[in-house]
Amino acid sequence: MIRFDGVSKAFGATRALDGFSLAAGRGLVYGLIGPNGAGKTTAMSILATLLLPDAGTATVDGLNVVDRAAEVRGRIGYMPDFFGVYDGLRAGEYLEFFAAAHQIPVQRRPGLVKTLLELVNLPDKAGVYVDSLSRGMKQRLALARCLVHDPDVLILDEPASGLDPRARAEMKEIIRQLKRLDKTVLISSHILPELAEICDRVAIMEAGKLVVSGPVAEITAVSQGARRLCIEVLDRATELAGFLSTRPGVSEAHADGTAAGFFFSGDRKEQAALLQAVIEGGWSVVECGEVRRNLEEVFMAVTGEGGENIDGN
Ligand SMILES: Nc1ncnc2c1ncn2[C@@H]1O[C@H](COP(=O)(O)OP(=O)(O)OP(=O)(O)O)[C@@H](O)[C@H]1O
């Protein structure tokens, strides 16, 4: 539904996007993560037909965003990271204005405005002046505005920025609702645990390039080519860490309370053999498991200096 193929964009000497590629399927919520200046907003602006790429192609539902920009605009709803809401307009009038801009027939507009205000959890705010709404309410109203023409694709640049935890939770619930409506959502955010919760897949980008992408569970399982394991024992954890350090495929073994943590590069058969050796060594094993990194740890590991080199897919 969304596709970037080798997209590059420079602003003077700054390469905002440098051969960026990404594909997102229909009905998926796709998270775009990257440090400040990674190129997220540039990528989203190109997809939203607001910026022209220097090279490469971007498409929405197979339509090239440059050649078929007008058709693309009919299929996308774009919520920029900074947006204005007009003073002196009430929430209902604000949505009616955008409905008119999208040439929604006059008789359909009141019903549409009501449905959208309900969807974004502002059912009783139609008559309230936009500038008197809280920041969270304004963000939700801006999201409703993106939905006026019932687009298939939503491009949301930091929709939860500056919101308090309750307002963020409400925004999250609305995004889940959009997924239920079969929308394809591309969303950027710096709040990684939240993205992990609502996204089907995430893409981490840095310096205008894709670093890694895939389902959250898959990405958090990838770690330096080795998995992080932990064996909990009844006693002698320090001795166990020493024993593990001598075994093939084990690195960075250390004791942590009643457990030994380490990286293991072997496969499942080799892991079973390792566990067998530990038991034969006389340790009373309580538990053995894989420690998955959270999205924040992966983000820190794959971006910035000394980042891991993980191939994107
Ligand atoms: N209109 C512009 N003129 C000049 N440089 C720009 C322009 N837009 C973006 N850039 C530069 O391109 C790079 C990528 O910017 P972009 O806003 O796409 O990053 P981002 O990942 O969205 O960052 P943030 O998380 O801070 O919003 C940055 O170095 C930025 O300074």
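Residues numbered from 1 in each chain as written. Predicted model: local features only at pLDDT ≥ 70, side-chain atom pairs only at ≥ 80, totals over all residues.

Attention now goes to the pairing of strand S9 (residues 201-206). Burial runs high along S9: five of the six residues are buried. The pairing of strand S3 (residues 29-33) with S9 spans four bridges and is classified as parallel. Directly across from Tyr30, in S9, lies its bridge partner Arg201. For S9 and strand S10 (residues 209-215), the ladder comprises six bridges, and the chain directions are antiparallel. Among the inter-strand pairings, Glu206 is bridged to a residue of S10, identified as Lys209. Counted between consecutive antiparallel strands, the loop separating S9 from S10 contains two residues, among which Ala207 sits at a positive phi close to 50 degrees. (Buried ≥ 20, exposed ≤ 12 C-beta atoms within 10 Å, placed from the backbone. Helix = DSSP H or I, 4+ residues; strand = E, 2+ residues; numbered from the N terminus. Pairing = 2+ DSSP bridges.)

Let's shift gears to the site of the ligand. As a structural note, the neighbourhood of the ligand is formed by Phe11, Thr14, Ala16, Gly34, Asn36, Gly37, Ala38, Gly39, Lys40, Thr41 and Thr42. Broken down by secondary-structure element, the contributors of at least two residues to the shell around the ligand are strand S2 (14-24) and helix H1 (40-47). Per-element tally for the shell around the ligand: the top contributor is H1, with three residues. For the shell around the ligand, the per-class residue count stands at three nonpolar, seven polar and one charged. (Near = placed C-beta within 6 Å. Nonpolar A, V, L, I, M, F, W, Y, C, P; charged D, E, K, R; others polar.)

Okay, the sheet that holds strand S12 (residues 250-256) next. Strand order in the open sheet made by the four strands is S12-S13-S11-S14, with antiparallel pairing throughout. Here the strands that pair on one side only, and so sit at the sheet edges, are S12 and strand S14 (285-290). Adjacent strand axes in the sheet meet at a mean angle of 15 degrees when their direction is disregarded. Across the sheet, helix H9 (residues 237-245) lies against strand S11 (227-233), S12 and strand S13 (259-264), angled at about 175 degrees from S12, the strand it touches most. (Axes fitted to C-alpha atoms, helices over the stretch in contact; angles between N-to-C directions. Contact = placed C-beta atoms within 7 Å.)

Counting residues in each nonpolar core, the largest one holds 73 residues, and the members touching the most others are Leu47 and Ile155. Here this core takes six residues from helix H5 (residues 135-146), the largest share from any one element. With residues up to four places along the chain from it excluded, the contact list for Leu47 reads Ile2, Ala58, Val60, Val65 and Ile155. One finds Ile231, Ala260, Phe262 and Phe264 within the second-largest nonpolar core, a separate group that totals 16 residues. (Core = buried A, V, L, I, M, F, W, Y, C linked by C-beta atoms within 7 Å.)

Backbone geometry places Thr49, a non-glycine residue, at a positive phi of 65 degrees. When you line up the elements, Thr49 lands in the loop between H1 and strand S4 (55-60). If you check the backbone angles, Gln103 has positive phi at about 55 degrees while not being a glycine. Inspection of the secondary structure puts Gln103 in the loop between helix H3 (91-101) and helix H4 (109-119). The exposure class assigned to Gln103 is exposed, which follows from the 7 C-beta atoms found within 10 Å.

Moving on: the pairing of strand S1 (residues 2-11). Summarising the sheet, S1 and S4 pair through five bridges and their orientation is antiparallel. When the sheet's bridge partners are listed, Ile2 is paired in S4 with Val60. Alignment of S1 against S2, held across seven bridges, turns out to be antiparallel. Looking across to S2, one finds that Val7 is bridged to Phe20. From the end of S1 to the start of S2, which pair antiparallel, there are two residues, and Gly12 there has a positive phi angle of about 60 degrees.

Turning to the sheet that holds S4, a few remarks are in order. Across the sheet, four strands lie side by side as S2-S1-S4-S5; this open sheet has antiparallel pairing. Looking along the sheet, the strands with just one partner apiece sit at the ends: S2 and strand S5 (63-64). The sheet contact formed by S4 and S5 spans two bridges and is antiparallel. Counterpart to Thr59 in the pairing with S5 is Asn64. Contacts from H1 reach S1, S2 and S4, with the element oriented near 115 degrees to S1.

What follows is about the confidence of the model for the protein chain. Of all residues in the protein chain, 95% have pLDDT values of 70 or greater, and the mean over the chain is 89. Here the complex is predicted with pTM 0.80, and the ipTM for its interfaces comes to 0.96. (pLDDT = per-residue confidence, 0-100.)

Moving on, we get to the domain arrangement of the protein chain. On domain assignment, one finds that the protein chain holds domain 1 (2-214) and domain 2 (227-290). Distance from the C-alpha centre of domain 1 to the C-alpha centre of domain 2: 46 Å. (Domains from an automatic or database assignment.)

A few words now on helix H10 (residues 268-280). If you check H10, its first and last C-alpha atoms are 18 Å apart, about what 13 residues at 1.5 Å a residue would give, namely 18 Å. Of the residues flanking the end of H10, it is Gly282, one or two places downstream, whose phi is positive at about 95 degrees. (Expected span 1.5 Å × (residues − 1).)

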